[in-house]
Structures are given as C-alpha cells and as structure tokens.
Protein chains: 6
Amino acid sequence: MRPSKRAPDEMRPVSFERGVARYAEGSCLVKFGNTHVLCAASLEDKPPPWLRGQGRGWVTAEYAMLPRATHTRTRRESSSGKPSGRTQEIQRLIGRSLRAVTHLPALGERQVVVDCDVLQADGGTRTAAISGAWLALHDCFQWMRSRSIIKENPLRDHVAAVSCGVCDAGPVIDLDYGEDSTAKTDANFVITGGGGLVEVQSTAEAAVFTEADLSAMLSLARAGIGKLIEMQKAAIA
Amino acid sequence: MRPSKRAPDEMRPVSFERGVARYAEGSCLVKFGNTHVLCAASLEDKPPPWLRGQGRGWVTAEYAMLPRATHTRTRRESSSGKPSGRTQEIQRLIGRSLRAVTHLPALGERQVVVDCDVLQADGGTRTAAISGAWLALHDCFQWMRSRSIIKENPLRDHVAAVSCGVCDAGPVIDLDYGEDSTAKTDANFVITGGGGLVEVQSTAEAAVFTEADLSAMLSLARAGIGKLIEMQKAAIA
Amino acid sequence: MRPSKRAPDEMRPVSFERGVARYAEGSCLVKFGNTHVLCAASLEDKPPPWLRGQGRGWVTAEYAMLPRATHTRTRRESSSGKPSGRTQEIQRLIGRSLRAVTHLPALGERQVVVDCDVLQADGGTRTAAISGAWLALHDCFQWMRSRSIIKENPLRDHVAAVSCGVCDAGPVIDLDYGEDSTAKTDANFVITGGGGLVEVQSTAEAAVFTEADLSAMLSLARAGIGKLIEMQKAAIA
Amino acid sequence: MRPSKRAPDEMRPVSFERGVARYAEGSCLVKFGNTHVLCAASLEDKPPPWLRGQGRGWVTAEYAMLPRATHTRTRRESSSGKPSGRTQEIQRLIGRSLRAVTHLPALGERQVVVDCDVLQADGGTRTAAISGAWLALHDCFQWMRSRSIIKENPLRDHVAAVSCGVCDAGPVIDLDYGEDSTAKTDANFVITGGGGLVEVQSTAEAAVFTEADLSAMLSLARAGIGKLIEMQKAAIA
Amino acid sequence: MRPSKRAPDEMRPVSFERGVARYAEGSCLVKFGNTHVLCAASLEDKPPPWLRGQGRGWVTAEYAMLPRATHTRTRRESSSGKPSGRTQEIQRLIGRSLRAVTHLPALGERQVVVDCDVLQADGGTRTAAISGAWLALHDCFQWMRSRSIIKENPLRDHVAAVSCGVCDAGPVIDLDYGEDSTAKTDANFVITGGGGLVEVQSTAEAAVFTEADLSAMLSLARAGIGKLIEMQKAAIA
Amino acid sequence: MRPSKRAPDEMRPVSFERGVARYAEGSCLVKFGNTHVLCAASLEDKPPPWLRGQGRGWVTAEYAMLPRATHTRTRRESSSGKPSGRTQEIQRLIGRSLRAVTHLPALGERQVVVDCDVLQADGGTRTAAISGAWLALHDCFQWMRSRSIIKENPLRDHVAAVSCGVCDAGPVIDLDYGEDSTAKTDANFVITGGGGLVEVQSTAEAAVFTEADLSAMLSLARAGIGKLIEMQKAAIA
C-alpha cells in the first residue's frame, strides 16, 4: 500500500493553467498534487553566442526553487554564488527534453528561455516542469506566429515526463516527497506524443534494480505520460 | 490625469491571501494591482552567528524577482553570482521595517527569515512586500505561540508601506511601472499602525523636489497605509 | 548635551583640499572632523555599454573604506568577493546625487567615475563623500574644458549632503560615529545649491520618528548644507 | 560499419594500472583506448559536516579534465570560478556508483574522496572513471585494513560502467569521441558484479529511441561490463 | 643619464610619517617620491586558524591600490571578485619580509595584519610598502607592550626594501614608473638592519642579465637600504 | 649529508618524454625524481585581447596540481573558485621564462598556452615545469612550421630552471619536498642556453642569507641547468 493510498499506477491530481505570467510570451502553472511549478517562456532576439550565424535558434531552460518551496527552508542560490549541481542537472534535462521536439531552424536566430520556478515542492518537480514547460513553449511559439515572427510552428510533437520508483509496494508512478525519499530506485522518463523515448534515467538508491524493474517502471511511465499529453492537448484545444 | 485613470490618492486594488505556502510557518500572497509578491516566513532554530548568546532573536528578509516577473526577462541572480545592489537595498529595507515593530527578546535565540519573491512586477514591489511580509511574520509568530515555542507575541504593532511620486499630475500614490518610470520624484514610506514613521526615502529622478512635495507625498502615504493596515487587521480577524 | 559638546546645529570642522591625487582628472580630500574621504574623478572614453549610441554620458561613483579606516579592522571586500550591500547602497546614492546636478548630454559619450575611498571613518562617510565628490567632478569637467573635450560645463548646480539624527538631545546635525551608533533615528539629506531636495532618507533605529522630527532634521540639514556649499564655492574661487 | 572498424559489441583495448599515484592510499590509471583517467583515492579523517555523529562514512568523487586532454583546449575550471554543470553531473554519478557497492557504516566516521582526472579524452571518460575508481577505492580500503583502521572490507561488490549508443550502424558499445558526437542516442550503464543495475541513463540526441534500442544497449552493456569486472578481478588477484 | 636626472645610486626623496591612521595600533605614511603608501597595523586576538594552539603568532600583510592611484584608472578588485595575481604576489612578499625579522612566539597566539594601501603609484610600491610596514608593525608592538599585552619586543631587526634595475644608463636604484616600464631588468631587494638578505628577486624584461648586473644592483640596494634603515631609526628615535 | 644521500651538486634523476599528450600541438612529461609534470602546449588562433592588432603573439602558461599529487590531498582550485596566490605566482614565472627566449613577432597574432599539470609533487615542481615546458613549446613551434603557419622558429634559445637551497649541509641543488621544507633559504634560478639569467628568486625561510650563499647557489644552478639543457638538446636531436 502506498502512503498516499494511491494505486501503483495512479498519478496525483494534475492541472495545467495557461497564461499565468502576464508579461511572458507563454506561461503555464503546472500542479502535480502539492508540487507547483510556474513555467514562463521568454523570447530573446539573439541565439546564444556559440550559435550565431548558423541560421537556427535555441531553446533552453532555467530551474529554481523558491527558498520555502520545501519543508525546510533552502538557501537561496544567489547567496551561495552559483546554481548547485542538482539545479544544473535539472535545467539541462528540461532543455534537452524541449529541444527533442523542437525544429530549431524554424525558430530563426533566436532563443527561447523557459524559466521553471518551483513555488511548492512535494516530489517530481523536474517532471512537472518538463510537462508544463511544453505548454509555455507552445504558447510562446503561437505568440510568435500571431505576430509573423515565424511562419511555421517549430514544435514537432508533445513531450511530457513523469517519475517512477521501486518502493516496498513495488514499482509505482509519480512519487511524492515522502515516497521519493524512501524509494529503493528512482527514475525519470521523458516521452514524446509519438511514444518515442527522450530520456530514461534510473538510479539505485537503497538497492540495485533489475531489468524487470526498469520495464515495469517504463510501462507505468508510458501510461502516465499518455494521460499528461492528453491533458496538454485539452489545454490548448 | 494619471495614465491609469486613478485619482491621485487612489491605490490599486489590494489583496492579501494568507496561508499560500503549504510548508512555511507563515505566508501571504499580496497583490497591489498587477504586482504580486509571495511572502513566506521560515523559523530557524538559531540566530545569526553574530547574535549568539545575547538572549534575543532576529528577523530578516530576502527579496528576489522571478526572471520573467518583469516586462522583459531579467537574468537570474544565481547565474551572476550575487544579489544586485538593488536587491540588497530592498531586502535590507524589508528587514528593518519588520524589526521596527518586533520585540526581538520575545523571540528567544531564533531567527525568522521572510522570503519575498516577486511573481509579477508592475511597480511598488518593495512596498507590497513589506505590507505582505508583516502578515507572514504574524502567522509565523502565531504558529510559534500555538506550539508554545514563545509565550508572548513579539509583534508590537502593524507596519505597512506604500510608494508615492511626483508626476506631471502632481503628487500621487502607489505608482505602477509606467508611472514610476516617468515620475520626477520617487518615494517610499513605511509607517506603523500607531502612525510612527519607520522609513522615509525620497529620491529626485528627473528633477529636484521641494519640502511641499515631500509633505504632500507623506500625507498621501499616511492615508494609504492606514487603509493597508485596516486590511491587515481584517485579514487576521 | 551632545557627547562632542557641539550644539545641535553645529557641524564638525570641515575642509576641502583639491588636487590631492596627482594622476586623477579631478580630486578632493574632504574632512568632516575625523572622517576623511579621498575623492578622485576619472574620465573614461566610453559610456557604460547600456548607454552607447545615445549621445550622452554618465557619472557614477564607487565607494570603499580602507580596512583600517574604522575602529576595528574590516575585511577587505576583494577578499570576500563582492561589495557588501551597504557599499552598494552608498555608491548608488553618491552617483544619483552627482547626476542630479549634471547635464549628461553635455558630457558626450563619456563616463566619469568618482572613486570615494574612506581613509578614516568617524560617521557620516557617505555625506562627506558626496560633498567632496562634487569638487572632484567639478575639477574633472574643468580639465576637460581646458582641453576642449567639452564646450560647456555639464554641472548645473552645486550639491552637498549631511547626516542628521534624533538623539537623546533631540535633533542634531553631522553625527560622529559614537552619536550615530546610539541615535534613535538616522537621516541623510542631499540638497542642491538652489535648495532643491535630491535625497531624503530617514530611518528609525531604536524608535519610530514623527513628522516633526523629520522637519527639524530637514531644517538643520538645509542650514548645514548651505555652509558646505559656501565652502565649495570658496574652494573653486 | 563503425568508423573504428570495431564490431558493435567490441570495446576498445582496456587496461588498469594500479599504484600509479605514489602518495595516494589507492590509485589506478585506467585506459579505454585513447581515453586515460587517473583515479586517486584519498582517506580523510572526518566525514562531511552533514554526516557527523551518525556512525558511518562517506565516499565521494571529484572529476576534472586537464585543459588539453581534449582535441581543442578547454578552459580551466579554476579560472571560470566553478565546476561546470557537466562536471558536477559526472562527479555525482561516480560518487553514487561507488556508494552503491560500499557498506558505509563499515568505513567509520571517515570519508574517501576519489579524484578522477582525465589525462586524455576520447569519449567515455565517465564510464572509464567509474571502472577505474573502483580499483582505487579497493586499494584504499586494503591500505586501511592493513593498518587496522577498519576491520572488514566495506566493499560489497564490484562495479563498472560502459557507454553505449545508437549509431547508423545500430546499437554499439564503448563509443569513441567521433562516434559519440554523431550518435543518435547516447547511454551510460553502471552495473555491479552481481548483475544489479546501478544507473541507466539514456538520452536522445538526434532522434528519439525505442524500448528495443534500450534493451539492445543494455545487453551490450551487460556483456561489456562483465569483461571489465573480470579485468578488475585479475588486477587485484 | 636617467630621465629623472638622478644619479644611478640616487633614491627619490623619502619620508616616513608615523601615526597617520587614528584608529590603527600602528601606522605609517611612506613616500618614495610620488609613490605614497599608507601602512596600518591591526592587532587581532586570534592567530589564523591553521596556527591555533601552537603558542605563537603570525604577521601578515594585505596590499591594494586605490583605483586612481595610477595614471589611468584600475578596476577595483572587489568588483572583479578577487585579488589579482600581482596583488597576491606582493602581499605574500611583504608578509614574508616582516616575518623574517619578527620572533613569532613572542607575539603569543595573536595576529597582526599590516594593510598597505597605495594612495599614489609611481613605481616601487612594494618596496615602499615593506619599508613603511616595518614602522607600522613597530608601533603596533609598542602599543601592545605599553598595555602589557606582550612583554618583549618581537622585532629582532629592521627590514627595508628597494627596487633596482638595469636601464640604458646601466644599473640604477629606485626606479620610477617611467624608468621601470623601460628597464631591461627589474629587481627587488629586501635586506635587514644587520645586512642579511631576505629576498632577492631579479627578472629579465627586455633582455637577460648577467651575474655582474646582479652584483651591481645588489650593491646599490645595500647602500639604499642602509639609508632607509637610518631613516626608520630616526623616525622612532 | 643530504637526507637523500645526494652530493650537494647532485640533481635527482631527470627525464623528458616528448609527445605524451596525443591531442596537443606539443607536449612533454618531465620528471625530476618523484616530481612529475605534464606540459602541453596549445596553439590558439588569437592573441589575448589586449595584444590585438600589434602584429605579435604571446606565450603564457597555466599551472595546477592534481589534488592528490601531494602527500595529503589538496582542495581542487575549481571548488574554491580561484587559483591560489602560489599558483598564480608560479604560472606567471613559467610564462615569463618562456617569453624570455621567444621572439614574439615571429609567432604572428597567435597565442600558445602551455599547461603544466603536476601529476606528482616532491619539490621543485615549478622548475621542472619550466624545463619541460620549453620542450612542449619547441614541439608546438615545429608543428606550426611543418604546417607553414610560421616561417621561422620563434625560439631564440633554450631555457631551463632548477631550485637551490641553503640547508644544514650548506648550499645544495634540486631539493626534494623533505629538504625543501627544512631549508633555511630557498631559491629558484632560470637560465638560458647562452648562460643569461632570466630569473633569480631567493627567499630567506628560517634565517637570512648572505651574498656568498647567493653566489654558491648560483654556481650550483649554472652547472645543473647546463645539464638540463644538454638533455633538452638530446631530446630534440
């Protein structure tokens, strides 16, 4: 039995709210239960310096948590002088996931930065962030098309993500903080609307895992991400 | 005539929403029109190092803006390695304002940090932050009293703040971003429930100002802060 | 009675010595009693990057204290990796004060940096710095005019500053370190030769202050700054 | 056909050389073809601060590349002021992999840091580092046992790692730099001597991947890691 | 002929002024021509952490230049986040020179930091700093003895320094900035009152130098330092 | 008697191995006994920014130690955020030594960076680095000439370095770590193939030194460096 009484394949209540950041070109407040992430897409006129003159654009992401998003206060990264290793890992993952479904030449020599700021954290912040960031990016591209900045939609597909784990109850989906901190194995999956795998990351915590564990988690993730992508579609319908 | 059609002494719609940060000991989402600030108070077991062994506590604040709180994206301060001068000025001001109404010995050897994170910025973020931070601090102290961590309430009075300015229309209260960026003089006032002045900061932007300007702005601020404190009282009633 | 035996409206002995930095385009050693600040103006060929191509210049200031300017040694800011919040607040204030009396288009696309280095600190370093920096800036502009780099003098007026406070003895002017650290209210005033207010900053320390306190301090400041500007005039005569 | 003429399941020539760092408690120079990593284990008397008083130790890793390990020179991270996101990701991965086979309470309140410095980089540096770091750690623990610092060997199993990828030639093992930079999918596998999975990380580069791709890569990795562990066993025999 | 018309063995006018920093335990303003360095000694209650519990003290130095000490403005090191390599080399040299004549156990578990801040720079700042720092340190030790903090004087001897160089005119002493920037060889000598060598640093700039050059410069330095030590003696007489 | 049983004028076994870094334009692994330094020269297309447009190039060096090159582990400089003062002193010295024998205009507007990474440290790392860096630079210039990037060899002469010291046994050459940490005086000499002095740095540690000590050390250094340069010549023959 999961501490939350959820079935192994049961995600927390999920919602996507578009247009929450008045000044951003695209934005989305995504909630996976008590995990709340504000995603805001910003269009920048120039690509990053290393991409100049190559006729294509870039999509990147930044990730942060408000100091009191968590059960106990976390020190602000601007005080410690640099993003932590964990923060950098997460923002690299979000960026790669978004670029996997973006046709960068269609963006022209521009950059979109998607800021994912965790307002409240109860596990699964990076997967919620990816799932919401797709909507913010979508709306940013729509904004650009409505102003004829670009002609075609650079998005080639949906992308969403969910965490899975192996707990005492066996393989489960969408762990909250309590479950996550006691899971024997922790995994994150990023999958496209077409079912293609973008990222599989599975890490032994208290014990090694088997190929069967990995398969079981991947099946759970496929089903969960299918639902998330249905919700993305409903949100932009 | 003000660009927003408001009367010179008319503030934007203001709201205070308590308890928005599930894990914080006290929290408040304050809105002054399109300026939205999330204030979260965190209790820490120890005072800052320089205060150890003196039998009293400390209240401090940190302030930040989400990168896309603003009309154009602002670089994240954790990337630039340090809080900017503006950020530091503001967080020092919030901390002083809260300490002006807190009896620090009643807090014991502890620290409360109030994080003020601007979700959306349309002028007046520091004054909204002070006004909302008071409620977050109030609720943190209530939380502490309900758990018998402290006996008496360390808060001695209310405190709130508002910006004023001298525009083409003359002295006005609660400037939004557009008005603020064209004001000839910019001022911030912090006043207690008892009417005592805590901070007066008035700065010439496009032109010097007169003693009459200062008096007029102070009168506007007194009236506006009176209303803010009524709203704080209603919020905790 | 003030600890220094001075009358409430009595400033410490003040002196301005021009031309003390052999290599600077303008310089001034200003003394307010035991507070000594070396102000040096440096002409730079280019404006700051964000102002390029706009046909006007910029005046900015940097402020620092020698480690042993103070009663006990202060850590060097180059060791801690960044200017403190206090340092940044002060250098922003000095810069704003000087710009309030400078016609920036007359400067062309250039920048003047006024370095204010405190050799000895006994309270009131920022107000001494502003008062002396005006002379350094004046001499820098003269240097530029004598070389036909600019045609007209960009300075529109004098500017000077003084601190005031509310002590047990009531409102007083030009606090030294001892008085400053026990004052109930601390204020800084920046006023032009024409009597226009540039900055009013008043902060409750041990107790809130009243509008009457503010007025009394402002009157003291007006008189004191009047004398400082007379001395500036004598210095350049 | 692979550019290197290797069969899909053919690793590059691998060697492990123990005892190469005269002053370290354990060390190993590991070569996967032209990728050379020097692994050195250092015993420290104290665990990291956050683990003090809990009766167990810690194993961590640091990773860096010499500036000219690579085809073109890379800027030294001490000049840029902090390890990059990539560096942090890798050193976190190495540390987790080693801890997965270490019984931390058997180490006592001590820490072992394994420095993995890449002398020459031709792809697969992180997997070579993990495979060699195990030997350095093994020798460090032997050193400790020979001096009766610890009684039992904290190592519970072997651990090694290899990269796989999906190239034009299909799934392949142990990519060199040229193959790696053109692979459609990039993966890293960390597996124990007992066959337990420690980490699976698979990332789409030019195209998404399928479950079949993942399975094929995992099979290749199992075989390759089996050989690496045989070589570790031979090295310590 | 030297550009300054000085004879090869002729130093610039030198002066030492004690007691210039009101709050420091010892201080000296030293001038070598247009090079002016303010040296201030600060007593600290504790030795550096790595020396605790060893029954002896430490003497160290910090060195900095005011931004406009030089012909063109130099960026403030607190802005760039760290002391430059040149600054660190110089402050290590000053510290070593002072420790060479200090009996550290006589100081007890304390530290003296001598801040050497260059107010004006015309070549030879490090040698002027060493020569003046000795006086600041001397006065700090006197201050300590007069308060019975220490019993004996930890100073075992005088120490002073001078620069030499090989110019077109041959070996010369005490180069000013103009001479220094065109010298073929640049050297600094630190010598005690007893004539013992503390530091010899000689660097080829435009051309290599010979043993004869080194001997000639050392002879010049001996004579010059002899005079500097006479002046130190006169200053404390 | 020296602890190592070497005669006062006896260096440790020295070897130079060229071509050790596969991707560098020139490289050399130099060993002075147990001190091993990997020197790699990298050609960069552009000179440093401050040299642009002047028709000549630059040669510079960077120096670092692997964390466990030493008897106890040293913290990685990328973690502490900046190279230490010692590191900067050494890399400045290596760079100056190489430039003393390089005709920079012959290099064109390019830069060569020689990275000197200490794999194992037993005293004398900076002198070994200089001696080996010359070979890496030589091979880099050969590589450039073989590709007709430059026409003439910019190297004007050989350069090598050795440490000397005054120990209980009197003046000795090429101190290992144990001898170095107890020497009364520590010196480094850099000399060209033609016998010209490039750098003489001699520092009193436990006691001042005399002119006779300096001469004796210089004679030892001349002889030792003569042998090193013979070995360089043999290595490139």
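Residue numbering note: each chain is counted from 1, following its sequence as written. To read the labels, note that chains go from A and ligands from 1, taken in the order they are written. Only residues with pLDDT of 70 or above have their local features reported here, since the model is predicted, and side-chain atom pairs are shown and tallied only from 80 upward, although totals for entire chains, interfaces and linings are computed over all residues. Side-chain measures here rest on the full set of heavy atoms in the structure, leaving out hydrogens and waters.

- Per an unreviewed UniProt entry, the recorded name for chain A is Ribonuclease PH, and the organism is Methylosinus trichosporium.
- UniProt positions are given in the numbering used here, feature names are shortened, and annotations may be inferred rather than shown by experiment. The record in UniProt for chain A states the following under Sequence similarities (unreviewed entry): "Belongs to the RNase PH family."
- Check the Subunit (unreviewed entry) section of the UniProt entry for chain A; it says "Homohexameric ring arranged as a trimer of dimers."

## A word on the interface of chain B and chain A
Okay, so step 1: Throughout, a contact is declared for two residues whenever any of their heavy atoms are within 4.5 Å. In this complex, chain B contributes 38 residues to the contact, which on the side of chain A involves 38 residues.
Okay, so step 2: Criterion for a salt bridge: a side-chain nitrogen of Lys or Arg within 4 Å of a carboxyl oxygen of Asp or Glu. Counting every contact that joins chain B to chain A gives twelve salt bridges.
Okay, so step 3: With its nearest N and O atoms 2.9 Å apart, the salt bridge here joins Glu62(A) to Arg76(B).
Okay, so step 4: N or O atoms closer than or at 3.5 Å make up a polar contact, with two conditions inside protein: a donor-capable atom paired with an acceptor-capable one, and, for residues adjacent in sequence, both atoms drawn from side chains. Run the count over chain B and chain A and you get 19 residue pairs in polar contact (both at pLDDT 80 or more).
Okay, so step 5: For the purposes of this entry, the term helix denotes a DSSP run of H or I that reaches at least four residues, the term strand denotes a run of E that reaches at least two, and both are numbered from the N terminus. For the side of chain B that touches chain A, the secondary-structure elements that each account for two or more residues are strand E3 (35-44), strand E4 (58-65), helix H1 (77-80) and strand E5 (111-120) of chain B.
Okay, so step 6: Under this grouping Gly is polar, as are all residues other than the nonpolar Ala, Val, Leu, Ile, Met, Phe, Trp, Tyr, Cys and Pro and the charged Asp, Glu, Lys and Arg. Among the residues forming the side of chain B that touches chain A, the class breakdown is 18 nonpolar, eight polar and twelve charged.

## Section: the side chain of Asp213(E)
All names here are of chain E.
Okay, so step 1: Relative to the elements of secondary structure, Asp213 occurs in helix H5 (residues 211-236).
Okay, so step 2: Any residue under 20% of the maximum accessible area for its type is buried, any over 50% is exposed, and the rest in between are partly exposed; the area is computed with a 1.4 Å probe on protein chains only. When charges are tallied, Lys and Arg are placed among the positive residues and Asp and Glu among the negative ones, while His and the ends of the chain are skipped. Put simply, Asp213 is tucked away with no salt bridge, and the nearest opposite charge, on Lys184, sits 7.8 Å away.
Okay, so step 3: Among the polar contacts listed, one links the side chain of Asp213 to the backbone nitrogen of Thr210, at a separation of 3.0 Å.

## Looking at the sheet that holds strand E3 (residues 35-44) of chain D
Residue and element names in this part refer to chain D.
Okay, so step 1: The five strands are arranged E1-E2-E3-E5-E4 in an open sheet whose pairing can be described as mixed. Bordering the open sheet on either side are strand E1 (14-18) and strand E4 (58-65), each of which pairs with just one other strand. Averaged over all pairs of adjacent strands, the angle between strand axes in this sheet comes to 20 degrees, irrespective of strand direction.
Okay, so step 2: Note on pairing: two strands pair once DSSP finds at least 2 bridges between them. Two elements, E1 and strand E2 (residues 26-32), share five bridges in a ladder whose sense is antiparallel. Counterpart to Arg18 in the pairing with E2 is Cys28. Fitting a line to C-alpha atoms yields each axis, with helices limited to the stretch in contact; the angle taken between N-to-C directions then spans 0 to 180 degrees.

## Remarks on the relation of the copies chain B and chain A
Okay, so step 1: Least squares is the method used to superpose the copies, on C-alpha atoms of residues holding a pLDDT of at least 70 in both. You can overlay chain B on chain A at an RMSD of 0.0 Å; the transform is a turn of 180 degrees with a shift of 0.0 Å along its axis. In symmetry terms, the pair is related by a two-fold rotation axis.
Okay, so step 2: Interface overlap between copies: 100% of the residues of chain B at the interface are likewise at the interface in chain A, consistent with a symmetric, same-surface contact.

## Re the UniProt feature "binding site: phosphate" (unreviewed entry) in chain A
Okay, so step 1: Taking the UniProt record as the reference, the feature "binding site: phosphate" (unreviewed entry) is found at Arg86(A), Gly124(A), Thr125(A) and Arg126(A). For the annotated residues, spread through 41 residues, the largest C-alpha to C-alpha distance comes to 13.3 Å, consistent with a single compact locus.
Okay, so step 2: You can see Arg86(A) is positioned in helix H2 (residues 85-99).
Okay, so step 3: Setting aside chain neighbours within four positions, we find Arg86(A) in contact with Tyr63(A), Met65(A), Thr125(A), Arg126(A) and Arg92(D).
Okay, so step 4: Polar contacts involving the side chain of Arg86(A) include one to the side chain of Tyr63(A), which spans 3.3 Å.
Okay, so step 5: Tracing the sequence through the fold places Gly124(A) in the loop between strand E5 (111-120) and helix H3 (125-146).
Okay, so step 6: With residues near it in sequence (within four places) discarded, Gly124(A) still touches Arg12(A), Thr35(A) and Leu175(A).

## Regarding the arrangement of the chains
Okay, so step 1: Nothing in chain C touches chain D, and the closest approach of their C-alpha atoms is 11 Å.
Okay, so step 2: Kept free of each other, chain B and chain F leave a smallest C-alpha distance of 11 Å between them.

## Concerning the pattern of salt bridges
Okay, so step 1: Overall, the coordinates contain 100 salt bridges over all chains when judged by the stated rule.
Okay, so step 2: With a shortest N-O distance of 2.6 Å, Arg76(F) and Asp115(D) are connected by a salt bridge. You can see Arg76(F) sitting in the loop between strand E4 (58-65) and helix H1 (77-80) and its partner Asp115(D) sitting in strand E5 (residues 111-120), one on each of two chains. Neither Arg76(F) nor Asp115(D) differs from the other in exposure class; each is buried.
Okay, so step 3: One salt bridge connects Arg12(E) with Asp174(E), and the closest N-O pair in it is separated by 3.0 Å. Pair noted here: Arg12(E) is in the segment before strand E1 (14-18) and Asp174(E) is in the loop between strand E7 (170-173) and helix H4 (177-180), with a separation of 162 residues, a long-range link.
Okay, so step 4: Taken together, the shared-partner salt bridges connect Arg2(A), Arg6(A), Arg12(A), Asp122(A), Asp174(A), Asp176(A) and Glu179(A) into one network.

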